[in-house]
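Chain by chain, the residues run as shown.
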Amino acid sequence: MHCPECGFANAEGANYCQKCGAFLGEAEPAKPGDTTEVYQVDAAGDLKVVDLEAVTHEGATLVIRSGGGRAGEAFNLATERMTIGRSPEAEIFLDDVTVSRNHALLVARRDGIYIDDLGSLNGTYVNRRRIESHRLQNGDELQVGKYKLTYLDER
């Protein structure tokens, strides 16, 4: 299978390019009726089901779509800076070896919310393109390691 970004010949069935790290597979289309329940972890560590429409009206939100058995977990982007990484101190803690300890940073700037890669080994992807810095827009798909997240901001 040839990489669509760099042309490198990868082993059949590979999900990511061995040379540049680009995503090689095609996303499975959603089937009619497929839904994801959205939840947040409360202070006691219990899962609390949340209404996605109510959450997105409060501001920007990241929702895990797949990875680590955490599909549906949501994070409100309520502060000016939020870290994403494998470090337990990260505001968005993604516990997997494919995620760097300090992988990426979400930053509120004058013209919107940006995601900045912090020199991670496996890279940060937005809409299947490797980025250094990217201004997020409603519906953007982020990939950090094996985690796929969707950025929602309906303001």
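Just above, that's the structure.
Residues numbered from 1 in each chain as written. Predicted model: local features only at pLDDT ≥ 70, side-chain atom pairs only at ≥ 80, totals over all residues. Heavy atoms only, no water.

1. As for the overall build of the chain
Argument step 1. For the chain, the helix and strand inventory stands at one helix and 13 strands.
Argument step 2. Starting at the N terminus and ending at the C terminus, the chain contains elements arranged as β-β-α-β-β-β-β-β-β-β-β-β-β-β.
Argument step 3. Taken over 155 residues, the chain has a buried fraction of 43%.
Argument step 4. Accessible area of the chain: about 9100 Å², with a carbon and sulfur share of 48%. (Helix = DSSP H or I, 4+ residues; strand = E, 2+ residues; numbered from the N terminus. Buried < 20%, exposed > 50% of the residue type's maximum accessible area, 1.4 Å probe, protein only. Areas by Shrake-Rupley, 256 points an atom, 1.4 Å probe, with all protein chains shown as cover.)

2. As for the sheet that holds strand β4 (residues 74–76)
Backbone-to-backbone hydrogen bonds pair the strands of a sheet. The strands run either parallel or antiparallel.
Argument step 1. Here six strands make up an open sheet; going across it, the order is β4-β3-β13-β12-β9-β10 and the pairing antiparallel. At either end of the open sheet lies a strand with only one pairing partner, and these are β4 and β10 (129–131). The mean inter-strand angle of the sheet, taken between neighbouring strand axes irrespective of direction, is 30°. (Pairing = 2+ DSSP bridges. Axes fitted to C-alpha atoms, helices over the stretch in contact; angles between N-to-C directions.)

3. Brief notes about the environment of V97
Argument step 1. By the element assignment, V97 lies in the loop between β6 (92–93) and β7 (104–109).
Argument step 2. The class of V97 is exposed, set by a relative accessible area of 73%.
Argument step 3. Distance in space between the C-alpha atoms of V97 and G145 is 7.9 Å, their sequence separation being 48 residues.

4. What about the packing of aromatic side chains?
Argument step 1. Evaluated as defined, the whole model comprises zero aromatic pairs.
Argument step 2. Across the ring face of Y114, the terminal group of R109 is positioned such that the distance to the ring centre comes to 4.7 Å. (Phe/Tyr/Trp six-rings, centres within 6.5 Å; stacked < 30°, edge-to-face > 60°. Lys NZ or Arg CZ within 6 Å of the ring centre and 35° of its normal.)

5. Some remarks on the environment of G145
Argument step 1. Mapped onto the secondary structure, G145 falls in the loop between β12 (141–144) and β13 (147–152).
Argument step 2. Assessed through its relative accessible area of 13%, G145 is described here as buried.
Argument step 3. The spacing of G145 and T98 is 47 residues in sequence and 4.6 Å in space, taken between C-alpha atoms.
Argument step 4. Among all residues touching G145, those that are not within four sequence positions of it are Y16, T98, V99 and H103. (Contact = heavy atoms within 4.5 Å.)

6. Some thoughts on the sheet that holds β6
Argument step 1. Spatially, the five strands line up as an open sheet ordered β6-β5-β7-β8-β11, and their pairing is mixed. Edge strands, defined here as strands with exactly one partner in the open sheet, are β6 and β11 (133–135).
Argument step 2. Looking at chain direction, strand β5 (residues 81–85) and β6 are connected through two bridges and run parallel. Paired with I84 across the two strands is I92, which belongs to β6.

7. A short note on the side chain of R70
Argument step 1. As for its position among the elements, R70 is in the loop between β3 (61–66) and β4.
Argument step 2. Overall, R70 belongs to the buried group, its relative accessible area being 16%.
Argument step 3. In terms of polar contacts, R70 uses its side chain to reach the backbone carbonyl oxygen of F93, at 2.6 Å. (Polar contact = N/O pair within 3.5 Å; in protein donor to acceptor, adjacent residues only side chain to side chain.)

8. Quick look at the environment of T150
Argument step 1. With respect to the helices, strands and loops of the structure, T150 is situated in strand β13.
Argument step 2. Note on T150: relative accessible area 14%, which makes it buried.
Argument step 3. Excluding residues within four positions of it along the chain, T150 makes contact with T61, L62, V63, R65, G139 and D140.

9. Remarks on the nonpolar core
Nonpolar side chains in soluble globular proteins generally cluster together in the buried interior.
Argument step 1. Core analysis: the biggest nonpolar cluster contains 22 residues, and L62, L77, I84, I92, L106 and I115 have the highest contact counts within it.
Argument step 2. Of all the secondary structure elements, the ones that give two or more residues to this core are β3, β5, β7, β8 (112–117), β12 and β13.
Argument step 3. Look past the residues within four positions of L77 in its chain and what remains in contact with it is A60, T61, L62, M82, I92, L106, I113 and Y151. (Core = buried A, V, L, I, M, F, W, Y, C linked by side-chain atoms within 4.5 Å.)

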